[in-house]
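Structural overview for review
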Amino acid sequence: MDGMGGVVLFGAAAFVGVATADMFVRAWTGVMRTVALLVLYFRRRISGETLFLRLNTAIPLAILCGLTLYICFLLYFRTYGLGRSESEQVGYFLGAVGRTFFYLIGVNRLIEAMFDPRDGG
């Protein structure tokens, strides 16, 4: 597709790239936070009550974001059949890489915060 339709599809693909990368990093953060909480609990740095309270945030976040990611892929690629043209693939790639880049910049601080028993990240 060329012209305005191609620009719209490129923009939509870039948006979906950012959105799916965001859902992935949020789901992955929920998984990492769950592991960090379990490590803190088994090292006796947090209580069982604190573990339970914090897992009530981490696990639903991971599940919700993972399901949202799956549904987004299902709708975008299967239901609507988008993402097949080269310009859409480039747009998706640029959006996903851009979002992931900003996640990676702060991931070290995020992981350190997860292992802080005072706030749990």
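Here goes a summary of the coordinates provided. Residue numbering note: each chain is counted from 1, following its sequence as written. Selection of residues for local features in this predicted model requires a pLDDT of at least 70, selection of side-chain atom pairs for listing and counting requires 80 or more, and totals for whole chains, interfaces and linings are taken over all residues. Where side-chain values are given, they derive from all heavy atoms of the structure, hydrogens and water being excluded.

**Focus: the overall build of the chain**
Using the following cut-off: Helix and strand definitions here come from DSSP, where helices need a minimum of 4 consecutive H or I residues and strands a minimum of 2 consecutive E residues; each element is numbered from the N-terminal end. Buried residues are those whose accessible area, probed at 1.4 Å on protein chains only, stays under 20% of the maximum for their type, while exposed residues exceed 50% and partly exposed ones sit between those limits. Per-residue accessibility takes into account occlusion by the displayed protein chains alone, with areas from the Shrake-Rupley method and a 1.4 Å probe. Here Asp and Glu are counted as negative and Lys and Arg as positive; His is not counted, and neither are the chain ends. Charged side chains are reduced to one point each, which is NZ for Lys, CZ for Arg, CG for Asp and CD for Glu.
Along the backbone of the chain there are 3 helices and 0 strands. Counting from the amino terminus, helix and strand elements in the chain follow one another as α-α-α. With the C-alpha coordinates aligned to their principal axes, the bounding extent of the chain is approximately 60 × 30 × 15 Å. Relative to its full complement of 121 residues, the chain shows a buried share of 32%. Surface exposure of the chain reaches about 7,900 Å², of which carbon and sulfur atoms provide 69%. Mean positive and mean negative side-chain charge positions of the chain (11 and 8 charges, respectively) differ by 11 Å.

**With respect to the pattern of salt bridges**
To keep things clear, this is the line we draw: Whenever Lys or Arg places a side-chain nitrogen within 4 Å of a carboxyl oxygen from Asp or Glu, that contact is recorded as a salt bridge.
This structure, assessed with the given rule, holds 3 salt bridges. Put simply, R26 and D22 hold a salt bridge, and the shortest N to O gap is 2.7 Å. Residue R26 and its partner D22 are located together in helix α1 (residues 4–42), separated by 4 residues, close to a single helical turn. In this structure R26 comes out as partly exposed when scored by relative accessible area, which is 40%. Ionic pairing is found between R118 and D116, a salt bridge with its closest N-O pair at 3.0 Å. A relative accessible area of 73% places R118 in the exposed class. Assessed through its relative accessible area of 17%, D116 is described here as buried. Connected through shared salt-bridge partners, D22, R26 and R99 make up one network.

**A few points about a nonpolar patch on the surface**
Threshold: To count toward a patch, a residue needs a relative accessible area above 30% and no salt bridge. Like charges then connect within 9 Å, nonpolar side chains (Val, Leu, Ile, Met, Phe, Trp, Tyr) within 5 Å.
On the surface, I59, I63, L67, Y70, I71, L75 and Y80 cluster together into a nonpolar patch covering about 720 Å² of accessible area. Among the secondary structure elements, Y70 is positioned in helix α2 (residues 48–79).

**Remarks on the packing of aromatic side chains**
For clarity, the threshold we go by: Ring pairs shown here join Phe, Tyr and Trp side chains whose ring centres sit within 6.5 Å, with only the six-membered ring taken for Trp; geometry is labelled stacked below 30 degrees between planes, edge-to-face above 60, and tilted in between.
According to the stated counting rule, one finds 6 aromatic pairs in the structure shown. Aromatic pair Y41 and F42: ring centres 5.3 Å apart, planes at 70 degrees, arrangement edge-to-face. For F42, a relative accessible area of 64% translates into the label exposed. Here the aromatic rings of F73 and Y92 are separated by 6.5 Å at their centres, their planes lie at 45 degrees, and the arrangement is tilted. Of the two residues, F73 sits in helix α2 while Y92 sits in helix α3 (residues 86–114), which places them 19 residues apart along the sequence.

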